[in-house]
Amino acid sequence: MKINKRNWIVIILSFVFSAVLGILSHDLIIGGLILFTSIMNSYLASIGKKANYITGFISCLLTGYVSLKNNLYGLFFFYIFIFAPFQIYGFINWKNNEDENSNVIVRGFTLKNSIMIILSCIIGSFVLGYLLTLIPNQNLAFLDASSNCINLCGVILMILRFKESWWVWLFNNIIDLIIWIIMLVNNGPSSWMMLLSSLAYLLINIYGIIKWSIEAKKNKSNKE
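Residues numbered from 1 in each chain as written. Predicted model: local features only at pLDDT ≥ 70, side-chain atom pairs only at ≥ 80, totals over all residues. Heavy atoms only, no water.

A. Representation of the state of the cysteines. Under the criterion given, the structure shown has 0 disulfides. Distance from the sulfur of Cys 121, which forms no disulfide, to the nearest cysteine sulfur (Cys 153) is 3.1 Å. Cys 153 gets classed as buried once you look at its relative accessible area, which sits at 12%. (Disulfide = S-S within 2.5 Å. Buried < 20%, exposed > 50% of the residue type's maximum accessible area, 1.4 Å probe, protein only.)

B. Geometry of the packing of helix H6 (residues 141-159) against helix H7 (residues 165-185). One can describe the packing of H6 onto H7 by two numbers: an axis separation of 9 Å at closest approach and a directional angle of 150°. What the angle tells us is that H6 and H7 run roughly antiparallel. The interaxial crossing formed by H6 with H7 has left-handed handedness. Contacts between H6 and H7 pair Leu 143, Asp 144, Ser 146, Ser 147, Ile 150, Asn 151, Cys 153, Gly 154, Val 155, Leu 157 and Met 158 from the former with Ser 165, Trp 166, Val 168, Trp 169, Phe 171, Asn 172, Ile 175, Asp 176, Ile 178, Ile 179 and Ile 182 from the latter. For the contact of H6 with H7, the class distribution of residues is 14 nonpolar, 6 polar and 2 charged. (Axes fitted to C-alpha atoms, helices over the stretch in contact; angles between N-to-C directions. Helix = DSSP H or I, 4+ residues; strand = E, 2+ residues; numbered from the N terminus. Parallel < 35°, antiparallel > 145°, perpendicular 65-115°, else oblique. Left-handed = near helix turned anticlockwise from the far one by under 90°. Contact = heavy atoms within 4.5 Å. Nonpolar A, V, L, I, M, F, W, Y, C, P; charged D, E, K, R; others polar.)

C. Quick peek at the packing of aromatic side chains. Enumeration over the complete set of coordinates arrives at 11 aromatic pairs. An angle of 90° between the planes, with centres 5.8 Å apart, marks the rings of Phe 15 and Phe 36 as edge-to-face. One end of the pair, Phe 15, is in helix H1 (residues 5-24); the other, Phe 36, is in helix H2 (residues 30-46), with 21 residues separating them in the sequence. Relative to Phe 81, the ring of Phe 76 lies with its centre 6.2 Å away and its plane at 90°, an arrangement referred to as edge-to-face. In this structure Phe 76 comes out as partly exposed when scored by relative accessible area, which is 22%. Judged by relative accessible area, which is 51%, Phe 81 ranks as exposed. Through pairs of rings, three or more aromatic residues link up here, namely Phe 76, Phe 77, Phe 78, Tyr 79, Phe 81 and Phe 83. The ring of Phe 162 has Arg 107 lying over it, and the distance from NZ or CZ to the ring centre is 4.4 Å. (Phe/Tyr/Trp six-rings, centres within 6.5 Å; stacked < 30°, edge-to-face > 60°. Lys NZ or Arg CZ within 6 Å of the ring centre and 35° of its normal.)

D. Spatial organisation of the packing of H2 against helix H3 (residues 52-69). Following both chains from N to C, one finds H2 and H3 inclined at 145°, their axes separated by 8 Å at the closest point. The interaxial crossing formed by H2 with H3 has left-handed handedness. Taken together, the residues of H3 that come into contact with H2 (itself represented by Ile 30, Leu 33, Ile 34, Thr 37, Ser 38, Met 40, Asn 41, Leu 44 and Ala 45) are Asn 52, Tyr 53, Thr 55, Gly 56, Ile 58, Ser 59, Leu 62, Thr 63, Tyr 65 and Val 66. A class-by-class count of the residues in the contact of H2 with H3 yields 11 nonpolar, 8 polar and no charged.

E. A look at the pattern of salt bridges. As enumerated under the stated definition, the model contains 3 salt bridges in all. Between Glu 98 and Lys 50 there is a salt bridge, with the nearest N and O atoms lying 3.0 Å from each other. With Glu 98 in the loop between helix H4 (73-95) and helix H5 (111-133) and Lys 50 in the loop between H2 and H3, this pair connects stretches of sequence that are 48 residues apart. According to the relative accessible area criterion, Lys 50 is buried, its value standing at 17%. Between Lys 211 and Glu 215 there is a salt bridge, with its nearest N and O atoms 3.5 Å apart. Residue Lys 211 and its partner Glu 215 are both found in helix H8 (residues 191-223); the two are separated by 4 residues, about one turn of the helix. Taking relative accessible area as the criterion, Glu 215 reaches 22% and is therefore assigned partly exposed. (Salt bridge = Lys/Arg side-chain N within 4 Å of Asp/Glu carboxyl O.)

F. Broad picture of H1. With 20 residues, H1 extends 29 Å between its outermost C-alpha atoms, agreeing within 8% with the 28 Å of an ideal straight helix rising 1.5 Å per residue. Every buried residue of H1 is accounted for by Asn 7, Val 10, Ile 11, Ser 14, Ser 18, Leu 21 and Gly 22. For H1, the angular spread of buried residues about the axis comes to 115°, placing them on one side. Exposed and oriented more than 90 degrees from the buried face of H1 are Lys 5, Leu 13, Ile 23 and Leu 24. Positive backbone phi, at 55°, marks His 26, one or two positions downstream of H1. (Expected span 1.5 Å × (residues − 1). Arc of directions from axis to C-beta.)

Shape descriptors only; they carry no functional weight alone.
Below, the structure is given as structure tokens:
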């Protein structure tokens, strides 16, 4: 990835922001790294750069660790055994679908695709939520399950370069915020930094929706 002036500014500001909040919250190493890699993962994805999967891989491993410490076993399983491997596949797929400026080629899908995704998320959330309730000490089973199923749909759509992935993640962000606000109230480990990471994702997801919608229109116009 070519690092231009704007990218350098974002990287430096994200690093400083994450380090300062990590120090203030007494969670510099794990929490600070999660916040930094989360911000970079979303930002690089929003501008269509495959390097987002590198920071995404690191973020998945760290988030899985924190989820395990908070007895969120659904999040732990998905981040370690599903989301992390998907980062590798996503990097390869984006590399094979870039334009001359090394930006990913954005796609969009139909109403039928949307309905299938919504139904899959609802059914998957209820099934996984029930299974998680069977695990001793599991916290927020159905919220945990909903977050994972929606996030999984977003990851798959992002790998396949669909602009709708940002809308899926926007909804997932709302669920994540609820989860980590509850965990923060209950003094869960690293919950403060996880909440900040979710807020960072939320803001960048909004930017991603705008940016990818513009790119999808450009690609459609070029084909016509």
